[in-house]
Amino acid sequence: MTNASLADPVEELSPWWGRAVAVTFALGFAVLILLTVKAYQYAPPIPDRTVDTSGNVIFTGDDVRAGQEVFLKYGLMNNGSIWGHGGYLGPDFSAAVLHNWALDLAERRAQERFSKGYEALSPEDRAAVDGEVGALLKVNRYDPETATLTMLPAGVETFAKEIEHWKTYFEKPELNGGLTANLITDPKELHDLTAFFTWAAWGSVAERPGVKHSYTNNFPYDPLAGNHPTGAAVLWSAISFIFLLGGTAIVLLAFGKFDYLGWHGAAAPVEKWVLSDAQKATLKYMAVASVLFLGQTFFGAGVAHYRADPGSFYGIDLADYFPSNLLRTWHLQSAIFWIATSYVAGALFVAELLGRASPPRQKLGIHLLFGAVAIVIVGSMLGEWAGILQWLPRSWFWFGNQGWEFLELGRFWQILLAIGLLFWFFLVWRAVEPALRDPQRKGFAKFFLIAAFAIPLFYLPALFFGSQTNYTVVDAWRFWIIHLWVEGFFEFFVTVVVAVIFYQMGLVRRITALRTIYLDAILYFGGGLIGTGHHWYWTGQTEVNMAFSATFSALEVVPLTLITLDAWDFVRTTRGSDSMVVRHRWTFYFLMAVGFWNFVGAGVFGFLINTPIISYYEVGTILTPNHGHAAMMGVFGMLGAGLMVFVLREIVADDIWPRIEKLVRVAFWGLNIGLAMMVLFSLFPGGVLQVLDVTENGYWHARSLAYTGTPTARFLEWMRMPGDLVFMFAGALPLALALVWGYFARWRATGDAR
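Each chain carries its own residue numbering, running from 1 in the written order of its sequence. In keeping with the predicted nature of the model, local features appear solely for residues at pLDDT of at least 70, side-chain atom pairs appear and are counted solely at 80 or more, and the whole-chain, interface and lining totals rest on all residues. Hydrogens and water molecules were not included; the side-chain quantities draw on all heavy atoms of the structure.

**A word on the overall build of the chain**
1) Next: Helix and strand content of the chain: 28 helices and eight strands.
2) Next: Taken over C-alpha atoms, the radius of gyration is set against a globule rule of 2.2 Å times the number of residues to the power 0.38. Relative to a compact globule of 754 residues, whose C-alpha radius of gyration would be 27 Å, the chain shows 27 Å and is just as compact.
3) Next: Along the first, second and third principal axes, the C-alpha atoms of the chain reach 95 × 55 × 45 Å.
4) Next: A 1.4 Å probe rolled over the protein chains alone gives each residue an accessible area, and that area as a share of the maximum for its type sets the label: buried under 20%, exposed over 50%, partly exposed in between. When burial is assessed residue by residue, the chain has 62% of its 754 residues classed as buried.
5) Next: Across the chain, the fraction of contacts at a sequence separation of at least 24, relative to all contacts at a separation of at least 6, is 78%.
6) Next: Accessible area of the chain: about 27,700 Å², with a carbon and sulfur share of 67%.
7) Next: In this tally Asp and Glu are treated as negative and Lys and Arg as positive; neither His nor the chain ends contributes. By convention, the point assigned to a charge is CZ for Arg, NZ for Lys, CD for Glu and CG for Asp. The average position of the 52 basic charges and that of the 60 acidic charges among the side chains of the chain differ by 10 Å. In this text, helices come from DSSP runs of H or I with a minimum length of four residues, and strands from runs of E with a minimum of two, each type numbered from the N-terminal end. Contact criterion: two residues are considered in contact whenever any of their non-hydrogen atoms come within 4.5 Å of each other. The Shrake-Rupley method, run with a 1.4 Å probe sphere, supplies the accessible areas, and residue values consider only the shown protein chains as cover.

Here you go:
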């Protein structure tokens, strides 16, 4: 297909577009790397020894690190959380230990001062004890010269009691959100796990040297322990609004002055493209991705049921074989796998449209890559199952469940995945390379290859830490993957893919598509690179991170507000009587849904929880998955579905399409209506009420059964069911049926031709 005669002069953009992108990336990565380095410098120290006032060893640094391994090996990060990061089925372990520690200290001080139990004190006496408890816990008794932490007698008593507490917690699924009964019984593992929890609790309350707040900036909120939001959390939240308003004003000014920004421009004439066998081979990727998507919805429904009724699954003891932490692991991993698979396949398909040639043996390479993808997906998910059920006692980290949220697959599977992504990039490069020699397509080809190479490159931080690395350091690198890799470079890559599709379809001029890519790179990465740090407010980073991350994270909302400004131009671009527009109308509908959910899920719900003062009370509550579902599924999921439908429509024969299109239509409305029902009926109201409980009773309370087991909380969990059913059976199921039907129809057509 051609868009213009090669003899015509090639219109070029100003070189300042490229310079602006380069400056944006250079400054953004400079600050992001600085903040990551600071995670190593200022992470809460792990004492070599923790002793009582007589010098007797309570636990060692090796115990803490071994306890972190117990935490990971048993998949507890997909049950509860540390410093707000992890699962929502169980408590925040650090907050629970901290509050019990504060209660024990309060009881001891009440008896010593008033010869009464803490609960029997008058309000005046209790206030006096509360102040003393907070003051005592805030004192940092860690000696950096000897690497020794000294605990007061109340803390020593708490540690002994906590070992029994967690032993009881792991006994019954109804007490722990659906874990396997008697999950941890080994005394050494319970001791080490409690040491890890106690270290995390200490780091969240003891004052960092030189400042008046803890290593975690006084998170979690617990008035009895003396943890209240810092002044910096309030200050930088206010300043973030200034950045948001200022950034929005500047961009609106630019859009008003330069009317060529956005999806403007007349369409260019096109010729119909002819698909290669290699392109047709990508349909099986899409079929597998759709089945994975369907499976993900069932895993998610199982997790939601465990929150509503952790004791049983309609009378079936599901926790013995499919415990809640396994289902949540599969829910997260299958989401990443199906979305990434659809992007990988879509890129291979579009690469040949851009290159306008199919390299020799490209189809074979696509088949080999498909086999590698299947091995990684099946092998890693079976490994996670075996790891969580403790069938891999020695090799769990390498072949089983690595344990880190969103990065659960074993290290062996991670390495295979990285190798597979490099091979994928090689296939993409082969297909796109001819475009580098064409002045009309050279700009697209460069962006396509740079964005594609960023996918394997920025997955590498997943290999930068191990099972005993300091939790603060791990969380820094984890969000290089969760935020930067998924939300940053994957989104930018899809922007390039969509721009190439629009150009190849003749919907926009070449210069318009290129300008849109440059603009999106500046806007998304201008705030998104440094904004990665908003995940690190409470995980052992300093207020320097809070200052940079709060302000630049606010700028992430700016391009999302522009979606509404540019929406009509996009709709106008993708509507009309042109045969290509009509042919791919469902792809365009999915892209329009992406715009809507990007604004609502990432923009409104994202900014709602990203300011430090809100995040302080909110992180780890149901408002987090409210944002996560609306943004992850609403944006990346809808993009994946749009690519599936695009490839399906191109490959499926015209005589079969009308029947398949009915399923696609149902899937589009089912996915969007079901997602909206989930958010409106359950996630958003449930999250708001949970945050309210944090402010009234403390973070520990809102994350415990004291709140999550209340009738109101359980009712709102059950209210997930209507939206889940619509999403699953009117959304994911018809989409999977359409893709599988299309694949087998293509397979039969190939057989008949032979």
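**Notes on helix α23 (residues 623–651)**
1) Next: Take the number of residues in a helix, subtract one, and multiply by 1.5 Å to get its expected span. Look at α23: 40 Å from first C-alpha to last across 29 residues, which is about the 42 Å you get at 1.5 Å a residue.
2) Next: What the bend at a residue measures is the angle between two axes, fitted to the seven residues ending there and to the seven starting there. The sharpest bend along α23 measures roughly 30° and falls at G637.

**Considerations on the pattern of salt bridges**
1) Next: What counts as a salt bridge is simple: a side-chain nitrogen of Lys or Arg found within 4 Å of a carboxyl oxygen of Asp or Glu. Evaluation of the coordinates by the stated rule reveals 23 salt bridges.
2) Next: The shortest N-O distance in the salt bridge between D192 and K188 comes to 2.4 Å. Here D192 pairs with K188, and both are found in helix α7 (residues 187–205), just four residues apart, close to one helical turn.
3) Next: Accessibility expressed as a relative area gives 4% for D192, which makes it buried.
4) Next: We classify K188 as partly exposed; its relative accessible area is 46%.

**Examining helix α12 (residues 362–388)**
1) Next: Compared with the 39 Å implied by 1.5 Å per residue over 27 residues, the 39 Å span of α12 between its first and last C-alpha is a close match.
2) Next: A positive backbone phi angle near 65° is found at Q390, which sits one or two residues after α12.

**Describing the side chain of R510**
1) Next: Relative to the assigned elements, R510 resides in helix α17 (residues 510–531).
2) Next: With relative accessibility at 8%, the residue R510 sits in the buried group.

**Considerations on a nonpolar patch on the surface**
1) Next: Grouping into patches uses exposed residues only, defined as over 30% relative accessible area, and leaves out salt-bridged ones; the cut-off is 9 Å for like charges and 5 Å for nonpolar side chains (Val, Leu, Ile, Met, Phe, Trp, Tyr). Together, F298, Y314, W718, M721, L725 and F729 make up a nonpolar patch on the protein surface, roughly 600 Å² of accessible area in all.
2) Next: Broken down by element, the nonpolar patch gets its largest block of residues, three residues, from helix α28 (residues 720–753).
3) Next: Along the chain, the position of Y314 falls in the loop between α10 (283–308) and α11 (324–355).
4) Next: Residue classification places Y314 among the exposed positions, given a relative accessible area of 54%.

**Describing unusual backbone geometry**
1) Next: F219 connects to P220 through a cis peptide bond whose omega is 5°.
2) Next: Residue placement: P220 occurs in the loop between α7 and α8 (231–257).
3) Next: The backbone phi angle of A147 is positive, close to 55°, even though this residue is not glycine.
4) Next: Summarising the element assignment, A147 is placed in the loop between β5 (142–143) and β6 (148–150).
5) Next: Its relative accessible area of 12% is what places A147 among the buried residues.

**Remarks on the pairing of strand β7 (residues 401–404)**
1) Next: Each pair of strands is called paired provided DSSP finds at least two bridges between the two strands. Direction of pairing for β7 relative to strand β8 (residues 407–409): antiparallel, over a ladder of two bridges. Its bridge partner being in β8, N401 is matched across the sheet by L409.
2) Next: Following β7, the chain reverses through two residues before pairing antiparallel with β8; F406 in that reversal takes a positive phi of roughly 75°.

**Let's talk about the packing of aromatic side chains**
1) Next: Side-chain rings of Phe, Tyr and Trp (the six-membered ring for Trp) are treated as a pair once their centres are within 6.5 Å; stacked means planes under 30 degrees apart, edge-to-face means over 60, and tilted covers the remaining angles. Inspection of the entire model under this criterion finds 73 aromatic pairs.
2) Next: Between F399 and F412, the ring centres sit 5.0 Å apart and the planes meet at 45°, which makes this aromatic pair tilted. Within this pair, whereas F399 is found in helix α13 (residues 396–399), its partner F412 is found in helix α14 (residues 411–432), the two being separated by 13 residues in sequence.
3) Next: On the basis of relative accessibility, which here comes to 31%, the residue F412 falls in the partly exposed class.
4) Next: Seen from their ring centres, Y743 and F744 are 5.4 Å apart, and the 70° between their planes marks the pair as edge-to-face.

**Things to note about the nonpolar core**
1) Next: Here, the term nonpolar core denotes a set of buried Ala, Val, Leu, Ile, Met, Phe, Trp, Tyr and Cys residues that are joined through side-chain atoms within 4.5 Å. Membership of the largest hydrophobic core comes to 226 residues, with the highest contact counts inside it found for F71, L76, F170, W424 and F448.
2) Next: Ranked by residues supplied to this core, first place goes to helix α16 (residues 471–505) with 26 residues.
3) Next: W538, M546, Y617 and Y699 belong to the second largest nonpolar core, which has 18 residues in total.

**Quick notes on the sheet that holds strand β1 (residues 49–51)**
1) Next: Ordered by their spatial adjacency, four strands build an open sheet running β2-β1-β6-β5, and the pairing between neighbours is mixed. Single-partner strands in this sheet number two, and they are β2 (57–60) and β5.
2) Next: Lines fitted to the C-alpha atoms define the axes, with helices restricted to the stretch that makes contact. Angles between their N-to-C directions range from 0 to 180 degrees. The strands that α7 touches are β2, β5 and β6; relative to β2, the one it contacts most, it runs at about 90°.

**Overview of the pairing of β2**
1) Next: Across three bridges, β1 lies against β2 in antiparallel orientation. Residue pairing for β2: T50 is matched across the bridge by F59.
2) Next: The loop that links β1 with its antiparallel partner β2 comprises five residues; one of these, G55, has a positive phi angle of about 90°.

**Points about the environment of T148**
1) Next: Residue placement: T148 occurs in strand β6.
2) Next: Taking the relative accessible area as the measure of exposure, T148 reaches 7% and is therefore buried.
3) Next: The spacing of T148 and T469 is 321 residues in sequence and 19 Å in space, taken between C-alpha atoms.
4) Next: Not counting residues within four places of it along the chain, the set of residues in contact with T148 comprises R49, V51, R141, Y142 and D143.
5) Next: One polar contact links the side chain of T148 to the main-chain carbonyl oxygen of T146, over a distance of 3.1 Å. In protein, a polar contact means a hydrogen-donor-capable atom and an acceptor-capable atom, both N or O and within 3.5 Å, with residues adjacent in sequence counting only if both atoms are side-chain atoms; elsewhere, any N or O pair within 3.5 Å suffices.

**Focus on the packing of helix α1 (residues 15–42) against α17**
1) Next: Two elements in contact, α1 and α17, have axes whose closest approach is 9 Å; the angle formed by their N-to-C orientations is 15°. Taken together, the axes of α1 and α17 are roughly parallel relative to one another. Considering only the axes of α1 and α17, their crossing is left-handed. Taking contact as the criterion, the partners of W17, G18, A20, V21, T24, F25, L27, G28, F29, V31 and L32 in α1 are, on α17, R515, Y518, L519, A521, I522, F525, G526, L529 and I530.
2) Next: Under the scheme applied, nonpolar residues are Ala, Val, Leu, Ile, Met, Phe, Trp, Tyr, Cys and Pro; charged residues are Asp, Glu, Lys and Arg; polar residues are all the others, including Gly. Broken down by class, the residue content of the contact of α1 with α17 amounts to 15 nonpolar, four polar and one charged. The labels follow the angle: roughly parallel below 35 degrees, roughly antiparallel above 145, roughly perpendicular from 65 to 115, and oblique for the rest. Each crossing is labelled by how the near helix is turned from the far one, with a counterclockwise turn of less than a right angle marking it left-handed and a clockwise turn marking it right-handed.

**Focus on the environment of V274**
1) Next: Mapped onto the secondary structure, V274 falls in the loop between α8 and α9 (277–280).
2) Next: V274 sits in the exposed class, given a relative accessible area of 74%.
3) Next: With 87 residues separating them in the primary sequence, V274 and P187 have C-alpha atoms 66 Å apart.

**Some points on the side chain of N325**
1) Next: Summarising the element assignment, N325 is placed in helix α11.
2) Next: Exposure remark for N325: the relative accessible area of 1% places this residue in the buried category.
3) Next: A distance of 2.9 Å separates a polar side-chain atom of N325 from the backbone oxygen of Y74.
4) Next: Contact partners of N325, with chain neighbours within four places excluded, come to Y74, G75, N78, L179 and I388.

**Comments concerning the environment of L13**
1) Next: Position of L13 among the secondary structure elements: in the segment before α1.
2) Next: L13 sits 501 residues away from L514 along the chain, and the two C-alpha atoms are 8.2 Å apart.
3) Next: Beyond its immediate chain neighbours, meaning those up to four positions away, L13 contacts I511, L514, R515 and Y518.

**What about the packing of α10 against α12?**
1) Next: Interhelical geometry of α10 versus α12 gives an angle of 15° and a closest axis separation of 11 Å. Relative to α12, the element α10 lies roughly parallel. In the crossing of α10 with α12, the sense of the turn from one axis to the other is left-handed. Contacts between α10 and α12 involve K284, Y285, V288, L292 and F299 from the former and I366, H367, L369, F370, I377 and M381 from the latter.

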